[in-house]
Amino acid sequence: MTEAAFDLIIRGGRVATGSDVFEADVGISGETITAIGRGLSGAKREIDARGKFVLPGGVDTHCHIEQLSAAGIVNADTFESATTSAAFGGTTSVISFAAQHVGMSLPQVLEDYHALARKGAVIDYAFHMIIADPTKETLERDLPTMIKQGHGSIKIFMTYDRLRMDDEQLLDILIAARDGGAMLCAHAENHGIISWMVKRLLARGYTDPKYHAVSHARISEAEAFNRLIGMAALVDQPIMIFHVSTAEGAKVIRQARGEGLKVFAETCPQYLFMTAQDLDKPGIEGAKWMCSPPQRGVADQEALWQALMLGDLQTVSSDHAPYRFDETGKLRAGPSPNFKQIANGLPGLELRLPLLFDAMVSKGKLGLEKFVEITATAPAKIYNLHPRKGSVAIGADADIAIWDPQRRVTVSDAMMHDLTGYTPFAGRELQGWPVTVLSRGRVILEDGKLSATPGSGRFLARSGGEAAKPTGRLVAEMNPELNFGAKLL
């Protein structure tokens, strides 16, 4: 009896990569894609993908999962519920956060988050390290060790009272990232502008959720981008700017990249498909739409799509930050909080890909190859998960989502698999949906049912990789040939 050549063949689908679309069979052996061609034979099992798209599983590189906030609130999801919702949306890898707060030991923080993920994750995962307490011990002892252990990216905040870094602290962290070969990711908004606006609005009685959008004046984004980029250029450290929301912010990034700086940037569905008007709801209802930075205007949406087309923005993440609309989340301060007292964040892990597929593929905006690039291939490359993740390619992990491009779905709160209890995208009709999902060769989602067991996801250890390598171009003040011989890097 001849032994089967493959464990699984996905038969006759339209395979898409970041550059090509073609009809082929995909052969899988164990956890790995081992053949792509036509007429493959000899498998223990086949999946008929004729009339469907065979795409790499999504890579969502900005997800807050089972995370403690600086205000002491744990968001709504566990690793099991969040990664389950990811799988239902066609995502097979996530990068979540291990959040240090003031007084916390970074190794202990990572150990705690790893324990939660090992217990619950049904897909593969990695961590960004949030640094909120950049002590000498954290920067000189703990951070280098954690990077070597496979945590190749750091996140900092330039706003929020309990999280923000001042300029000197930020420079210290940029140097630590550079020395360790890690990517530095940032939530970049001008804290002083936001704080001033919040106080002024509240003092005049403007307390409804919609005024959250006003408080984050758009100049706060572009100003912080410029400041962050300038400091990163000073020490020659690549950066990733999270959740770009304004046309002005996109313009700053385009200019920096045009000057040869290694600046990467993402946006999110809430900035592509919503505006600030979505917060203008009766009573406190608008709290469900509150996130930071806030949604902006139609002109900003157009600018962000343009930036994606041009490559100024390379990825679209969910920034999944789920808080229930009750006393455990959005209404922790009571039933009638002012906008400053409401937790910022939206659920989005499950709908990131369907929203983008509907716009980019079904409605023809940017196309299928670009959809694959910004949702899977580019994030995998930037965060050094490629070539294992992010593409349908021989030798890659068999992380695959099979999409029915004709399936129409009307989004509802009840159909979501996270624990938020609502989705801000309810009522939208989308065309195109993932119907079968594989993680490392395992069929984990089929016929609307999840078969993966909690804890079956694996940690993805990684260095900062190519994207995090300095350019080697030093500004005059850091160049010993031009600064009278001072060695500052």
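See the structure above.
This section reports on the structure supplied with the text. (Residues numbered from 1 in each chain as written. Predicted model: local features only at pLDDT ≥ 70, side-chain atom pairs only at ≥ 80, totals over all residues. Heavy atoms only, no water.)

**Examining the overall build of the protein chain**
Right, on to step 1. Tallying secondary structure elements over the protein chain gives twelve helices and 17 strands in all.
Right, on to step 2. Over its C-alpha trace the protein chain gives a radius of gyration of 22 Å, about what one expects of a compact globule, namely 23 Å for 489 residues.
Right, on to step 3. In terms of overall dimensions, the protein chain has C-alpha extents of about 75 × 60 × 40 Å along its principal axes.
Right, on to step 4. Split into buried and exposed, the 489 residues of the protein chain put 60% on the buried side.
Right, on to step 5. Within the protein chain, residue pairs in contact and separated by at least 24 positions form 77% of the contacts whose partners lie at least 6 positions apart.
Right, on to step 6. About 18800 Å² of surface is accessible on the protein chain, with carbon and sulfur atoms providing 51% of the total.
Right, on to step 7. Of the charged side chains in the protein chain, 51 are positive and 57 negative, and the gap between their average positions amounts to 1 Å. (Helix = DSSP H or I, 4+ residues; strand = E, 2+ residues; numbered from the N terminus. Rg over C-alpha atoms; globule rule 2.2 N^0.38 Å. Buried < 20%, exposed > 50% of the residue type's maximum accessible area, 1.4 Å probe, protein only. Contact = heavy atoms within 4.5 Å. Areas by Shrake-Rupley, 256 points an atom, 1.4 Å probe, with all protein chains shown as cover. Lys, Arg positive; Asp, Glu negative; His and termini not counted. Charge placed at Lys NZ, Arg CZ, Asp CG, Glu CD.)

**As for unusual backbone geometry**
Right, on to step 1. A cis geometry characterises the amide bond from S292 onward to P293, with omega recorded as -5°.
Right, on to step 2. In this chain, H386 is followed by P387 through a cis amide linkage whose omega measures 10°.
Right, on to step 3. Here P387 lies in the loop between α12 (368–382) and β14 (400–410).
Right, on to step 4. Of note, the phi angle at Y160 is positive, near 85°, even though the residue is not glycine.
Right, on to step 5. Within the fold, Y160 resides in the loop between β9 (153–157) and α4 (167–180).
Right, on to step 6. On the accessibility criterion, Y160 (27% relative accessible area) is partly exposed.
Right, on to step 7. Not every positive phi belongs to a glycine, and F484 is a case in point at roughly 65°.

**Here's the deal with the pairing of strand β7 (residues 91–99)**
Right, on to step 1. Where burial is concerned, most of β7 is hidden: nine out of the nine residues are buried.
Right, on to step 2. Pairing of strand β6 (residues 58–60) with β7 involves three bridges; the strand directions are parallel. Residue pairing across strands places D60 opposite V94, the latter belonging to β7.
Right, on to step 3. Assessed by its sense of winding, the connection that carries the chain from β6 through helix α1 (residues 79–88) to β7 is right-handed.
Right, on to step 4. Relative to strand β8 (residues 124–130), β7 runs parallel, the two being bridged by seven bridges. Of the residues in β8, the one forming a bridge with F97 is H128.
Right, on to step 5. Remark: the β7/helix α2 (residues 106–120)/β8 crossover connection has right-handed handedness. (Pairing = 2+ DSSP bridges. Right-handed = clockwise from strand over helix to strand, strands pointing away.)

**Some words on helix α10 (residues 298–310)**
Right, on to step 1. Across its 13 residues, α10 extends 19 Å between first and last C-alpha, which sits within 8% of the 18 Å expected from 1.5 Å per residue.
Right, on to step 2. Of the positions making up α10, those classed as buried are D300, Q301, L304, W305, A307 and L308. Looking straight down α10, one finds that the buried residues subtend no more than 160° of arc, so they occupy a single side. α10 presents A299 and E302 as exposed residues on the side facing more than 90 degrees away from its buried surface.
Right, on to step 3. The inward-facing, buried residues of α10 abut α8 (247–258), β12 (263–267), α9 (269–273), β13 (315–316), α11 (352–362) and α12. (Expected span 1.5 Å × (residues − 1). Arc of directions from axis to C-beta.)

**Concerning the nonpolar core**
Right, on to step 1. In this structure, I154, I241 and F371 are the most contacted members of the largest nonpolar core, which totals 130 residues.
Right, on to step 2. For this core, the element with the highest residue contribution is helix α7 (residues 219–235), accounting for eight residues.
Right, on to step 3. Counting residues in hydrophobic clusters, the runner-up holds 17 residues, among them I28, A49, A398 and L438. (Core = buried A, V, L, I, M, F, W, Y, C linked by side-chain atoms within 4.5 Å.)

**Observations regarding the packing of aromatic side chains**
Right, on to step 1. Applying the stated criterion across every chain yields a total of 14 aromatic pairs.
Right, on to step 2. Between the aromatic rings of Y125 and F459, the centroid separation amounts to 6.1 Å while the plane-to-plane angle is 45°, which identifies the pairing as tilted. Here the residue Y125 occupies a position in strand β8, and F459 occupies one in the segment after β17 (449–450), the gap between them amounting to 334 residues.
Right, on to step 3. A relative accessible area of 25% places F459 in the partly exposed class.
Right, on to step 4. Clustering of aromatic rings is evident, with ring pairs tying together F79, Y113, Y125, F127 and F459.
Right, on to step 5. Sitting over the face of the ring of F97, K155 holds its NZ or CZ atom 4.6 Å from the ring centroid.
Right, on to step 6. One Lys or Arg, K288, reaches over the ring of F325 and ends 5.0 Å from the middle of that ring. (Phe/Tyr/Trp six-rings, centres within 6.5 Å; stacked < 30°, edge-to-face > 60°. Lys NZ or Arg CZ within 6 Å of the ring centre and 35° of its normal.)

**Remarks on the pattern of salt bridges**
Pairing of side chains with opposite charge becomes possible as their charged atoms draw close.
Right, on to step 1. Here the structure, examined in full by the defined rule, presents 30 salt bridges.
Right, on to step 2. The residue E446 makes a salt bridge to R45 at a minimum N-O spacing of 2.5 Å. You can see E446 sitting in strand β16 (residues 442–446) and its partner R45 sitting in strand β4 (residues 43–48), a full 401 residues away along the chain.
Right, on to step 3. Looking at R45, the relative accessible area reads 35%, which means it is partly exposed.
Right, on to step 4. The shortest N-O distance in the salt bridge between K340 and D161 comes to 3.8 Å. On the criterion of sequence distance, the pair formed by K340 in the loop between β13 and α11 and D161 in the loop between β9 and α4 is long-range, its members being 179 residues apart.
Right, on to step 5. For K340, a relative accessible area of 49% translates into the label partly exposed.
Right, on to step 6. Here the salt bridges do not stand alone but share partners, grouping E31, D124, R388, K389, D397, D399, R440 and R458 into one network. (Salt bridge = Lys/Arg side-chain N within 4 Å of Asp/Glu carboxyl O.)

**Considerations on the environment of A343**
Right, on to step 1. On the secondary structure map, A343 appears in the loop between β13 and α11.
Right, on to step 2. Owing to a relative accessible area of 12%, A343 belongs among the buried residues under this scheme.
Right, on to step 3. Counting along the chain gives 53 residues from A343 to M290, while the straight-line C-alpha distance between them is 7.8 Å.
Right, on to step 4. Excluding its chain neighbours within four sequence positions, the residues that come into contact with A343 are I73, M290, Y323, G329 and K330.

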